[in-house]
Amino acid sequence: MKTNFLYFRENGKQTFIATANQTAFTINGDSNWDADVSDDTHVRVTVTDISAGTTSVIADNAKSFNSNVITLGAQGAGDIVVIELIPGGIG
């Protein structure tokens, strides 16, 4: 009897709750994501400013990447930072 298994896994996404003036966010991309991130253009970063109730996408020229650390401008305490792999963005 043949058995088929369907396996789902997330490409890569992490959510952070920022501390006051936090700029660096360490992703676990090398060990847990489907693809290794090697450049800031491989990920999309969105920030929800809880004080203003707005969500914005961080432009490529407003973020940098080095050794699994995404660096942004200073975030406010409690802001929600989501870093996710751009599908098809690595290759």
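Keep in mind it's a predicted model, so treat the numbers as computed, not measured.

J.: How should the overall build of the protein chain be read in this particular structure?
T.: Helix and strand counts for the protein chain stand at 1 helix and 7 strands. Ordered by position in the sequence, the α and β elements of the protein chain form the string β-β-α-β-β-β-β-β. Of the contacts made within the protein chain by residues no fewer than 6 positions apart, 69% connect residues no fewer than 24 positions apart. Summed over its atoms, the accessible surface of the protein chain is roughly 5,800 Å², and 50% of this surface lies on carbon and sulfur atoms.

J.: What am I meant to see in the sheet that holds strand β7 (residues 80-85) here?
T.: Backbone hydrogen bonds hold the strands of a sheet together, and the pairing may be parallel or antiparallel. The antiparallel open sheet is built from 4 strands, whose spatial order is β1-β7-β3-β4. The open sheet terminates on both sides in strands that have one partner only, identified here as β1 (13-17) and β4 (54-57). Adjacent strand axes in the sheet meet at a mean angle of 15°, parallel and antiparallel pairs treated alike. Judged from the 4 bridges that link them, strand β3 (residues 43-49) and β4 form a sheet pairing that is antiparallel. Looking at the pairing, T46 lines up with V57 of β4.

Conventions we followed
- Residues numbered from 1 in each chain as written.
- Predicted model: local features only at pLDDT ≥ 70, side-chain atom pairs only at ≥ 80, totals over all residues.
- Heavy atoms only, no water.
- Helix = DSSP H or I, 4+ residues; strand = E, 2+ residues; numbered from the N terminus.
- Contact = heavy atoms within 4.5 Å.
- Areas by Shrake-Rupley, 256 points an atom, 1.4 Å probe, with all protein chains shown as cover.
- Pairing = 2+ DSSP bridges.
- Axes fitted to C-alpha atoms, helices over the stretch in contact; angles between N-to-C directions.

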